[in-house]
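Summary of structural features
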Amino acid sequence: MSSAGLDRARAKMAEAGIDPVAIDTFAHYYRLLEHGETGLIPESTIEPLDMESLTDVDVDDDTASAALRTTAVIKLNGGLGTSMGMDRAKSLLCVRKGMSFLDVIARQVLHLRREHDAPLPLMFMNSFRTSTDTMDALARYADLPVDGLPVEFLQNREPKLRTDDLAPVSWQKAPDLEWCPPGHGDLYTVLRGTGLLQKLIDEGYERVFVSNSDNLGAVPDARIAGWFASTGTPFAIEAVRRTAADRKGGHFARRKSDGRIVLRETAQTSKEDQKALADLDRHRFCSTNNLWLDLRAMAEALEARHGILGLPLIRNIKTVDPSDPSSPEVVQIETAMGAAIELFEGARTIEVGRDRFVPVKTTNDLLVLRSDVYDVGQDFVLDPTGDVPYVELDPSYFKLVPDFERRFPEGAPSLREATSLTVNGDWTFGAKVKVVGEVTLKTGAAERVAPGSVLEHD
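Residues numbered from 1 in each chain as written. Predicted model: local features only at pLDDT ≥ 70, side-chain atom pairs only at ≥ 80, totals over all residues. Heavy atoms only, no water.

Once that is clear, we can look at empty space enclosed by the protein. The tally for this structure, following the rule as stated, stands at two cavities of 30 Å³ or more. Taken as a whole, the largest cavity holds about 170 Å³ of empty space. Along the wall of the largest cavity there are 20 residues; nearest its centre are Thr25, Tyr29, Pro182, Thr189 and Thr335. At the level of secondary structure, the elements contributing two or more residues to the lining of the largest cavity comprise helix H2 (20-34), helix H6 (186-193) and strand S17 (329-334). Ranked by residues supplied to the lining of the largest cavity, first place goes to H2 with four residues. Quantified by volume, the second largest cavity comes out at close to 40 Å³. In this structure, the second largest cavity is lined by Val95, Arg96, Val104, Leu216, Leu369, Val376 and Leu382. (1 Å grid on protein atoms, 1.4 Å probe; cavity = no way out; pocket = protein on both sides within 12 Å on 5 of 7 lines; lining within 4 Å. Points joined across faces, edges and corners; volume = space filled by probe spheres on them. Helix = DSSP H or I, 4+ residues; strand = E, 2+ residues; numbered from the N terminus.)

Written as structure tokens, this is what we have:
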């Protein structure tokens, strides 16, 4: 039954014009799924990982600038922010003074080009859902494109598979929901399938810095570029120390069998190993998804593997319509781009500060980013003014961006002196509100925080 399912999936992808390299890659993972591969990484097979810190690295200015001149930048920009109630690219969200994520990213790169006399091409891996909006928003930056290279390229898509027979699911109510992205591990497939990997090499670029567009801390830093170039490593990931907020997330470890670094995601952890996953003393580092990769090393690895890098499988169980739990259960085949670290001999990790990891996954994160917790200088780099406070907004009223916007009509409160802000219930904030210390607003009828209020711990 599954062989027939693969044939149907291949035909569906070919009919949709999916790149043959992507179809072959999908087939590789389909066969793993067919043979019972779960992608789980047992705790018994790994051990904790320690690493060097960027604070201990010495890179002179000339080496740093020289490395940046042969570096290209890729931003992963395929997400719609559907979990936050959005139907367009999340990177279009306003984050500061009328600037979206895209505005800040573009201005960060343009500033670095001037500072280091570097071409520093910036490219976005969009999805078919984010392409038009993104390119329209970037049109104002006429000097952003670099000759010979695209500003965008599109990630692939693949069929969702029924869990009962691994056949492509059919959903006539909304045919678009029959498709899913293959995870950001698709980056390598796209780079090879489009010819962009070889194009970058031909244009004289030696490495690529890759990060998420919703992480404005992920600046293509010249010092890290210099460190990466001087080590000769083929692949590296920036890591941060895990906090209580990261207990349920993935982490780095070292595989006992061969000593390779691995990145274990939550979906690759069994129920029996969830306690170990959450142990911050044992597994101390998580990924920022800020990656540095040597272009020639990546091209050689893909060539040796006939175009299929062979990242660990992530078997993600969903319903075909995420908003309808009664819709058919499906498998989404995914891979994580950071998992490529285990495929390269001599791959490295390096600990960086949390200022390089400022992801916006919820409106809680968005409120912090819009507040005065971060200063934004002429280089458009986020500069934290102190410790970042913990924010938890009642999801019944603040989870979706339109609801969030209505409750902060005058902008975010001052959080510079806050330790934490917990909002229970339906609260609307007036202008120039200030939060000091640890503050909790309790559940009640719809209430308003008056303009100019100072909220302090009772």
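Okay, the pairing of strand S18 (residues 348-351) next. As a general feature of sheets, a regular strand has side chains that alternate between the two faces. In the sheet, strand S2 (residues 52-53) pairs with S18 via two bridges, with the strands oriented parallel. Directly across from Glu52, in S18, lies its bridge partner Ile350. Relative to S18, strand S12 (residues 235-241) runs parallel, the two being bridged by four bridges. The residue of S18 that forms the bridge with Glu238 is Ile350. (Pairing = 2+ DSSP bridges.)

Before going further, it helps to spend a moment on the sheet that holds strand S21 (residues 390-393). The strand order across the open sheet built from four strands is S21-S22-S24-S26, with neighbouring strands paired in parallel fashion. Here the strands that pair on one side only, and so sit at the sheet edges, are S21 and strand S26 (454-456). Direction aside, neighbouring strands of the sheet carry axes that sit 35° apart on average. With seven bridges joining them, strand S22 (residues 414-423) and strand S24 (residues 434-441) adopt parallel strand pairing. Note on S24: the bridge partner recorded for Ser414 is Lys434. Against the sheet, helix H11 (residues 363-370) contacts S21 and S22, and its axis sits at roughly 130° relative to S21. (Axes fitted to C-alpha atoms, helices over the stretch in contact; angles between N-to-C directions. Contact = heavy atoms within 4.5 Å.)

With the rule as written, the count across this model stands at seven aromatic pairs. Their ring planes at 50° and their centres at 5.1 Å tell us that Phe404 and Phe408 sit as a pair that is tilted. Phe408 matches Phe404 in its accessibility class, with the two residues each being buried. Where Phe408 meets Phe429, the ring centres are 4.7 Å apart and the plane angle is 25°; that geometry is what we call stacked. With a gap of 21 residues between them, Phe408 in the loop between helix H13 (401-407) and S22 and Phe429 in strand S23 (residues 427-429) connect regions that are remote in the sequence. Per residue, the accessibility class of Phe408 equals that of Phe429, and both read buried. Ring pairs connect the aromatic residues Phe398, Phe404, Phe408 and Phe429, which therefore count as one cluster. Directly above the ring of Phe128 sits Arg157, whose terminal nitrogen or CZ lies 5.0 Å from the centroid. Taking NZ or CZ as reference, Arg157 lies 4.3 Å from the ring centre of Trp179, over its face. (Phe/Tyr/Trp six-rings, centres within 6.5 Å; stacked < 30°, edge-to-face > 60°. Buried < 20%, exposed > 50% of the residue type's maximum accessible area, 1.4 Å probe, protein only. Lys NZ or Arg CZ within 6 Å of the ring centre and 35° of its normal.)

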